[in-house]
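# Structure assessment
Below are the chains, spelled out letter by letter.
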Amino acid sequence: MNIKEICDGIYYVGVNDRTTHRFEALWPLPDGVSYNSYIVKGSAKTALIDGVELSACDRLRENLIATIGDVAPDYLVINHMEPDHSGSVRVLRSMFPDMTIVGNAKTLEMVRGFYGIADNVMRIADGDCIDLGGLSLKFVITPMVHWPETMMTYVAERKALFTGDAFGCFGALCGAVTDSDMNTEPYFPEMYRYYSNIVGKYGMFVGKALQKVANLEMDFICPTHGPVWHEQIDRVVSIYDRLSRYEGEDGVTIVYGSMYGNTEDMAEAIASRLAERGIRNIRMHNASVSHLSYILSDIFRYKGLIVGAPTYSNTLFPPVEAVMNAVKTRELKNRVIGTFGSFTWAPQAVKRINQLMDESKLYCDEVVSVEAKQAPGADAIAECRRLADSVADRILRS
Ligand code: FEO
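Residues numbered from 1 in each chain as written. Predicted model: local features only at pLDDT ≥ 70, side-chain atom pairs only at ≥ 80, totals over all residues. Heavy atoms only, no water.

As annotated in an unreviewed UniProt entry, the protein carries the name FprA family A-type flavoprotein and comes from Duncaniella muris. According to the UniProt record, the Cofactor (unreviewed entry) comment for the protein reads "FMN". Within the UniProt record for the protein, the comment given under Sequence similarities (unreviewed entry) is "In the N-terminal section; belongs to the zinc metallo-hydrolase group 3 family." (UniProt positions renumbered as here; feature names shortened; annotations may be inferred.)

The following block contains the structure:
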């Protein structure tokens, strides 16, 4: 049980999940995930902000009883309908039949579509308020962070913003809830991974949402996953701002495939030269070994991206093609690019990588490429070093 009073009248009643292996049946959860749910208790009315995943309903119910006793919340505010939060809606409705479900038009359409519930609902619009007595809920519609219905809820009296997936991260909570009560460092890599895996495609909408809430005073950011942000609000907002603009940090991600080590030798030569040139953040992923989740996280984080692969069945080595397709889906932009590869008799890999780079509109200037026939000799390794110089030059002068 993980109940905490975040501030006067606002309580955390969320649940940890250290059992599910893959979020959305896709993304690894080595440190679990939390489904954050909150109670806002005014002098007259009480609201539950967001629910939890279906399997976590029992624990949510225990947390609610421990927080507000046998009294039903008056409202369930749904900021986001993805079932990791809304999976509990039908159970909550049967527990609290008089509790009004609050959402915007798109939310309520999904409540009906997913759970067959259409009665005792309240449709709100952007800027609407609900008075709880001493505390109030103001709704800010922020579409596509991460679904079309997503919105945020602001409690002005406590300067607390409930943000849905925004500012969330993978990683279950380990005792404490608020950033001021824990070492948050393990959560930051998981914030990049969460953003790139789940929300990354919608950078433009995240940017619009950030602009929309920029003038709100914030003492607490209460997301649906991970810590409540209090002391480190500037840091998490700045990370989201940068990610939403697809602005990479200084550093290079090298993603490669290699069957027998020849393309890998090229990757090593490139990495070695980058390090000599002073690039300090170099992340290398063998696409046959690293999970896509972690590769995407680094590609979103760093400005340089160098992709290499051998030719396979007269086209691109499949694990690298999968990475390129995932990047293309997310509409990432503004990367400094290099590509490389090897072939035995038919040079196809680099051509295909470059074609996918073109389709993705991923790069900010030019694509520099190297391709080696069979084992890379001294000339090919020298070309790899020149490729690394080109990428380093462009990163260091940007
Ligand atoms: Fe945490 Fe988009 O769901």
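Having put the structure on the table, let's press on.
So, about the packing of helix 10 (residues 318-329) against helix 11 (residues 349-360). Orientation of helix 10 relative to helix 11, taken along the N-to-C sense of each, is 10°, at an axis distance of 9 Å. One way to sum up the angle between helix 10 and helix 11 is to call them roughly parallel. Within the contact between the two elements, helix 10 uses Glu-321, Met-324, Asn-325 and Lys-328 and helix 11 uses Arg-352, Ile-353, Leu-356, Met-357, Glu-359 and Ser-360. Taken together, the residues that form the contact of helix 10 with helix 11 break down as four nonpolar, two polar and four charged. (Axes fitted to C-alpha atoms, helices over the stretch in contact; angles between N-to-C directions. Helix = DSSP H or I, 4+ residues; strand = E, 2+ residues; numbered from the N terminus. Parallel < 35°, antiparallel > 145°, perpendicular 65-115°, else oblique. Contact = heavy atoms within 4.5 Å. Nonpolar A, V, L, I, M, F, W, Y, C, P; charged D, E, K, R; others polar.)

Below, the discussion takes up the pattern of salt bridges. Under the definition given, this model contains 21 salt bridges. With its nearest N and O atoms 2.9 Å apart, the salt bridge here joins Asp-241 to Arg-245. A residue is classified by how much of its surface remains accessible, and Asp-241, at 30% relative accessible area, is partly exposed. Classification of Arg-245 as partly exposed rests on a relative accessible area of 43%. Asp-389 is the partner of Arg-277 in a salt bridge, and the nearest nitrogen-oxygen pair spans 3.0 Å. One end of the pair, Arg-277, is in the loop between helix 8 (262-276) and strand 18 (282-286); the other, Asp-389, is in helix 12 (residues 378-396), with 112 residues separating them in the sequence. Its relative accessible area of 19% is what places Asp-389 among the buried residues. Because the salt bridges share partners, they merge into one network encompassing Arg-273, Glu-276, Arg-277, Arg-385, Asp-389 and Asp-393. (Salt bridge = Lys/Arg side-chain N within 4 Å of Asp/Glu carboxyl O. Buried < 20%, exposed > 50% of the residue type's maximum accessible area, 1.4 Å probe, protein only.)

Here we take up the packing of helix 9 (residues 292-301) against helix 10. In the contact formed by helix 9 and helix 10, the axes pass within 11 Å of each other and the chain directions differ by 55°. With respect to their mutual orientation, helix 9 and helix 10 come out oblique. Every pair of crossing elements has a handedness; the one defined by helix 9 and helix 10 is right-handed. For the pair helix 9 and helix 10, the contacting residues are Leu-292, Ile-295, Leu-296 and Ile-299 in the first and Val-323, Ala-326 and Val-327 in the second. A breakdown of the residues in the contact of helix 9 with helix 10 according to their chemical character gives seven nonpolar, no polar and no charged. (Left-handed = near helix turned anticlockwise from the far one by under 90°.)

Now for the side chain of Glu-249. Within the fold, Glu-249 resides in strand 17 (residues 249-256). Residues within four places of Glu-249 in sequence aside, it is in contact with Tyr-192, Arg-242, Arg-301, Tyr-302 and Lys-303.

We now examine the domain arrangement of the protein. Per the domain assignment, the segments making up the protein are domain 1 (4-244) and domain 2 (252-392). Counting the surface lost from both domain 1 and domain 2, the interface buries some 1,200 Å², and carbon and sulfur atoms represent 55% of this. The largest contributions to the domain 1 side of the interface with domain 2 come from Tyr-192, Ser-196 and Lys-201, which together make up 43% of the buried area. Connecting domain 1 to domain 2 are one salt bridge. Note that Glu-331 and Lys-201 form a salt bridge whose closest N and O atoms lie 2.8 Å from each other. The dominant element in the side of domain 1 that touches domain 2, judged by the number of residues it contributes, is helix 5 (residues 187-199), at six residues. The class makeup of the residues in the side of domain 1 that touches domain 2 is eight nonpolar, three polar and three charged. (Domains from an automatic or database assignment. Buried area = accessible area lost by both parts, 1.4 Å probe.)

Taken from the UniProt record, the annotation "domain: Flavodoxin-like" (unreviewed entry) applies to residues 252-392. Between the C-alpha atoms that bound residues 252-392 the distance is 9 Å, and the span itself is 45% helix and 30% strand.

Right, let's get into the packing of aromatic side chains. Following the criterion strictly, the structure yields 13 aromatic pairs and no others. Between the aromatic rings of Phe-23 and Phe-170, the centroid separation amounts to 5.4 Å while the plane-to-plane angle is 70°, which identifies the pairing as edge-to-face. You can see Phe-23 sitting in strand 4 (residues 22-23) and its partner Phe-170 sitting in the loop between strand 15 (160-164) and helix 5, a full 147 residues away along the chain. Considered together, Phe-23 and Phe-170 belong to a single accessibility category, that of buried residues. Arranged with centres 6.2 Å apart and planes meeting at 15°, the rings of Phe-114 and Trp-147 form a pair that is stacked. Of this pair, Phe-114 sits in helix 4 (residues 105-115) while Trp-147 sits in the loop between strand 13 (136-141) and strand 14 (151-155); the two residues are 33 residues apart in sequence, bridging distant segments of the chain. Exposure remark for Phe-114: the relative accessible area of 41% places this residue in the partly exposed category. (Phe/Tyr/Trp six-rings, centres within 6.5 Å; stacked < 30°, edge-to-face > 60°.)

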